[in-house]
Amino acid sequence: MQTYDIATIEGDGIGPEVCQSAVSVLTEACGTQRLRFTQLGGGAAHYVKTGAVLPDDTYAACKASHAILHGAAGLPGVTYADGTEVGNDLHLQLRFRLDLFANVRPIRLYSGVQSPLRDWQPGQIDYVIVRENTEGLYASRGGGINLRGEVATDTLVVTRKGVERVARFCFELSRRRQGAPRDGQRRVTVCDKANILRTYAFFRAVCDEVAREYDDVQIDYAYADAITVHMLKKPDFYDVIVAENMFGDIISDLGAGTVGGLGIAASAELGETHGLFQGAHGSAPDIAGQNAASPLATILSGALMLRWLGEQHGDEALRRDADRVEQAVEAVLAAGQTVPRDLGGNASCTEITAAVCRQLAR
Ligand code: IPM
Ligand code: MN
């Protein structure tokens, strides 16, 4: 049985607590021999101490690992001279330097979770937002202009290669799913503003070219403003949504809000050879160290990591373990005895971790 090296960056704020929780759950699911977690430095606190948000040895270990598990990074007030946050740079450097071009954000309503959208039940909201993760407006990170404190610009960058590969990723993902809950139709929805900007018209045109290779998957379009309404009024229509980086960042939080919030929002940031897995919630420094954070987003990101490793390495046992972790989380939520605070309960991070581990041990 192969052992997988997992580069583990706990980071800042609640990062250590939720990361340790995920390590406990994944170890319970897979056993102590399958996953080797190596703790690595990085983040805003590390920058304050050493001047490096992503130390060279951490980056080298991430590059050499089978996968990267990350807690969270960022502390208020720790910013660069240009005003941008230091902590986020850990994350963004890994994305760009490891070319993690597909940021996969499942939007799924779990049993036991009450959606703020009235009358929607588990199973009716189950889609995936795939955010292009290496260009768009984020390509300008660190490159924008601030001229004399009078005018500032950032450039939106859309490349044929960038769109082709993320669009193809989405059509392939749709083929592995069961279609939209509403009608079972395999569907990729292109989220853009092609009506206004040439960059987004180009984004849509390249998606159209890719779509011609997938006549079994329907292509659909929604402007970035309109889709925010559709995600609230017809969430069961969606199967896979593809969006440019900034639009994907925004609509993925909205999507998370419709299924319980960022405390349950998993993410998998995938390239051809590397994957970074973390909850999409950020470091929440206001509740750090209080055992109050929900670890579910990081645990579910860990499940995405097992599934991705299983697919990358043809390891069927790991893919089954991913299913078991998701089923254990759903069983805990459905039982309603150990409910995270962000979902209306009072369970601590360690109590939630123990409850998921008990489910796995059954
Ligand atoms: C996300 C976060 C990141 C982003 C931050 C932490 C760099 O908001 O992963 O959604 O802006 O992409
Ligand atoms: Mn975000």
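Residues numbered from 1 in each chain as written. Chains lettered and ligands numbered in written order. Predicted model: local features only at pLDDT ≥ 70, side-chain atom pairs only at ≥ 80, totals over all residues. Heavy atoms only, no water.

Remarks on the pairing of strand β8 (residues 187-192)
The buried fraction of β8 is high, at six of six residues. Side chains R187, T189 and C191 of β8 all project onto a buried face; the interleaved residues V188, V190 and D192 project onto the opposite face, where all are buried too. Pairing geometry for β8 and strand β9 (residues 218-223), over six bridges, is parallel. Pairing of V190 across the sheet is with Y221, part of β9. With helix α6 (residues 198-211) bridging β8 and the parallel β9, this β-α-β connection has right-handed handedness. With four bridges connecting them, β8 and strand β10 (residues 240-243) associate as parallel partners. (Buried < 20%, exposed > 50% of the residue type's maximum accessible area, 1.4 Å probe, protein only. Helix = DSSP H or I, 4+ residues; strand = E, 2+ residues; numbered from the N terminus. Pairing = 2+ DSSP bridges. Right-handed = clockwise from strand over helix to strand, strands pointing away.)

Points about the side chain of T258
With respect to the helices, strands and loops of the structure, T258 is situated in the loop between α8 (245-257) and β11 (268-270). Only 2.6 Å separates the side chain of T258 from the backbone oxygen of G255, close enough to count as a polar contact. Setting aside chain neighbours within four positions, we find T258 in contact with I107, S115, P116, L117, I125, Y127, M231 and L232. (Polar contact = N/O pair within 3.5 Å; in protein donor to acceptor, adjacent residues only side chain to side chain. Contact = heavy atoms within 4.5 Å.)

Examining the domain arrangement of the chain
Note: interface size is frequently given as the accessible area lost on complex formation between the parts. According to the domain assignment, the chain contains domain 1 (1-101 + 272-362) and domain 2 (115-259). Each of domain 1 and domain 2 has a C-alpha centre, and the two are 24 Å apart. Residue-level contacts link 12 residues of domain 1 with 12 residues of domain 2. In total, about 1100 Å² of surface goes out of reach between domain 1 and domain 2, with carbon and sulfur atoms giving 49% of it. (Domains from an automatic or database assignment. Buried area = accessible area lost by both parts, 1.4 Å probe.)

Quick notes on unusual backbone geometry
With a phi angle near 60°, D99 is a residue other than glycine that sits in the positive phi range. Residue placement: D99 occurs in the loop between α4 (87-97) and β4 (102-108). For A284, which is not a glycine, the phi torsion comes out positive at approximately 40°. Position of A284 relative to the elements: it lies in the loop between β12 (275-277) and α9 (296-313).

Some remarks on the packing of aromatic side chains
What describes a pair of aromatic rings is the distance from one ring centre to the other and the angle between the planes of the rings. Under the definition given, this model contains seven aromatic pairs. Measuring from ring centre to ring centre gives 6.4 Å for F101 and F169, while their planes differ by 90°; the resulting arrangement is edge-to-face. Of the two residues, F101 sits in the loop between α4 and β4 while F169 sits in helix α5 (residues 160-176), which places them 68 residues apart along the sequence. By relative accessible area, F101 is classed as buried at 5%. The cationic tip of R187 hangs over the ring face of F237; the distance from NZ or CZ to the ring centre is 3.9 Å. (Phe/Tyr/Trp six-rings, centres within 6.5 Å; stacked < 30°, edge-to-face > 60°. Lys NZ or Arg CZ within 6 Å of the ring centre and 35° of its normal.)

Brief notes about the site of ligand 1
Around ligand 1 lies a shell formed by N88, R95, R105, R131, Y138, D249 and Q278. In the model, an oxygen atom of ligand 1 is placed 2.8 Å from a nitrogen or oxygen of the R105 side chain. Against a free-state accessible area of 320 Å², the protein chains account for coverage of 81% of ligand 1. Of the residues belonging to the shell around ligand 1, the class tally is one nonpolar, two polar and four charged. (Near = heavy atom within 4 Å. Areas by Shrake-Rupley, 256 points an atom, 1.4 Å probe, with all protein chains shown as cover. Nonpolar A, V, L, I, M, F, W, Y, C, P; charged D, E, K, R; others polar.)

Some words on the packing of helix α1 (residues 15-30) against helix α11 (residues 349-361)
Running from N to C, α1 and α11 point in directions that differ by 10°, and their axes come no closer than 9 Å. Taken together, the axes of α1 and α11 are roughly parallel relative to one another. Between α1, through E17, S21, S24, V25, E28 and A29, and α11, the contact on the second element is made entirely by C349, T353, V356, C357, L360 and A361. When its residues are assigned to classes, the contact of α1 with α11 shows seven nonpolar, three polar and two charged. (Axes fitted to C-alpha atoms, helices over the stretch in contact; angles between N-to-C directions. Parallel < 35°, antiparallel > 145°, perpendicular 65-115°, else oblique.)

Overview of the sheet that holds β4
Ordered by their spatial adjacency, 10 strands build an open sheet running β2-β1-β3-β12-β11-β4-β5-β10-β8-β9, and the pairing between neighbours is mixed. Looking at strand neighbours, the two that pair on one side only are β2 (35-39) and β9, the edges of this open sheet. The mean angle between the axes of side-by-side strands here comes to 25°, regardless of whether they run parallel or antiparallel. As defined by bridge partners, strand β1 (residues 4-11) adjoins strand β3 (residues 67-72) across five bridges and the pair is classed as parallel. Of the residues in β3, the one forming a bridge with I9 is H70. Sitting on the sheet, α1 is in contact with β1, β2 and β3, with an inclination near 140° to β3.

A short note on the pairing of β2
Alignment of β1 against β2, held across five bridges, turns out to be parallel. Note on β2: the bridge partner recorded for Y4 is L35. In the classification by handedness, the crossover that spans β1, the intervening α1 and the parallel β2 is right-handed.

So, the packing of α1 against α9
Helix packing geometry: the angle between the two helix axes and the distance between the axes. At their nearest, the axes of α1 and α9 sit 8 Å apart, and the two run at 45° to each other. By the angle between their axes, α1 is oblique relative to α9. For α1 against α9, the interelement crossing comes out right-handed. Together, V18, C19, S21, A22, V25, L26 and C30 of α1 and T298, I299, G302, A303, M305 and L306 of α9 make up the contact between the two elements. Of the residues assigned to the contact of α1 with α9, the class counts are 10 nonpolar, three polar and no charged. (Left-handed = near helix turned anticlockwise from the far one by under 90°.)

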